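Letter by letter, the chains look like this.
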Amino acid sequence: MLGLVLEGGAMRAIYTAGVLDVFMEEGIRPDGLIGVSAGAIHGSVYIGEQPGRTIRYYKKYCRHKNFMSFYSLLTTGSMVGEQFCYHDLPDRLDPFDYDTFAQSPIAYHLVCTDLETGKAVYRRCTDLHQEMDYMRASASMPYVSRIVEIDGQKLLDGGVADSIPIEAFRQMGYQRNIVVLTQCAGYRKKPQKPTLAKLFYRKYPNFIETLTNRHQIYNDTLDRIEQLQKSGEIFLIRPSEDLGIKRVEKDPAHLEAQYNLGRKDALAALNDLKKWMNAHE
């Protein structure tokens, strides 16, 4: 089966939305998709078949006080406003196509991190209107988000435990994968001191350990991706240049530039991607 693996990266991941819009226009449809954090959000729009939606609402609402801001963090405990981003936006301001999502033949998966175990939680969602809290959990960044509790599980950002879930997806049966990253070639995550993690999450030692080792897990995954790319088992798309986009970006022009870079890189890779897909059918 053909899979599509989407890394997160907060507002930097608007790059992925550009890639996915090209995929929609070109009719590139895998059997399954797995997204992490912002990758899960943009992936849902792709399955809902709404090209242009993500960059449209990013540009319109990036400066809104409840979209992604320190105002929201101070007033709600989460930098990303729950009511605004997960209810007002998809239900009213820029409606999400829940019906098309539910009817899609593409299996949609996302990743969260369980605070009690420190391990990744892989969730397949079929009714996003009812399962929106899983997406919210997947995109709830440590330190700047409230813990999301669902059916007794305490969840946060999937990128803590599995930022690029290529191996998990392969184990689910998706042996051929298109992988979209949001960092340029040569990037490696740096270690962070555990002081802040211990201060914020002292009740969750397993989560502290995973958070502290996050850089090693991430960098090992990048090494594995390079191996899989060389063997032809994955097709990799990643930013061809670093535009210096901020994780909390307030300039619509900068967001559009990052989105357009995703489109540019996807279009440049399109012929090779189609050849790769045809060769593995």
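Source: prediction; values computed, not measured.

Enquirer: Sorry, what's going on with the side chain of Glu131 here?
Expert: Mapped onto the elements, Glu131 comes out in the loop between strand E4 (120-124) and helix H7 (132-138). The class of Glu131 is buried, set by a relative accessible area of 10%. There is a polar contact of 2.9 Å between the side chain of Glu131 and the backbone nitrogen of Thr126. Not counting chain neighbours up to four residues away, the residues in contact with Glu131 comprise Arg123, Arg124, Cys125 and Thr126.

Enquirer: Please clarify how the pairing of strand E8 (residues 234-237) should be interpreted in this entry.
Expert: Note on strand geometry: in a regular strand, side chains alternate between the two faces of the sheet. Both faces of E8 are covered, namely the face carrying Ile234 and Leu236 and the face carrying Phe235 and Ile237. Looking at chain direction, strand E7 (residues 176-180) and E8 are connected through four bridges and run parallel. Along E8, the bridge assignment pairs Val180 with Ile237.

Enquirer: Just checking my understanding: could you explain the pattern of salt bridges for this structure?
Expert: In a structure, side chains of opposite charge can pair up when their charged atoms sit close to one another. Scanning the model with the defined rule gives 15 salt bridges in all. Here Arg123 ties to Glu131 by a salt bridge, and the two come within 2.7 Å at their closest N and O atoms. Here the salt bridges share partners, and the residues they tie into one network are Glu167, Arg170, Arg224 and Glu233.

Enquirer: Explain the side chain of Asp114 here, please?
Expert: For Asp114, the position within the fold is in strand E3 (residues 107-114). Buried and without a salt bridge, Asp114 has Lys154 as its closest oppositely charged side chain, separated by 8.9 Å. Only 3.3 Å separates the side chain of Asp114 from the backbone nitrogen of Thr117, close enough to count as a polar contact. Those residues in contact with Asp114, other than ones at most four positions away along the chain, are Lys119, Val121, Gln153, Lys154, Leu155 and Phe207.

Rules of the game
- Residues numbered from 1 in each chain as written.
- Predicted model: local features only at pLDDT ≥ 70, side-chain atom pairs only at ≥ 80, totals over all residues.
- Heavy atoms only, no water.
- Helix = DSSP H or I, 4+ residues; strand = E, 2+ residues; numbered from the N terminus.
- Buried < 20%, exposed > 50% of the residue type's maximum accessible area, 1.4 Å probe, protein only.
- Polar contact = N/O pair within 3.5 Å; in protein donor to acceptor, adjacent residues only side chain to side chain.
- Contact = heavy atoms within 4.5 Å.
- Pairing = 2+ DSSP bridges.
- Salt bridge = Lys/Arg side-chain N within 4 Å of Asp/Glu carboxyl O.
- Lys, Arg positive; Asp, Glu negative; His and termini not counted.

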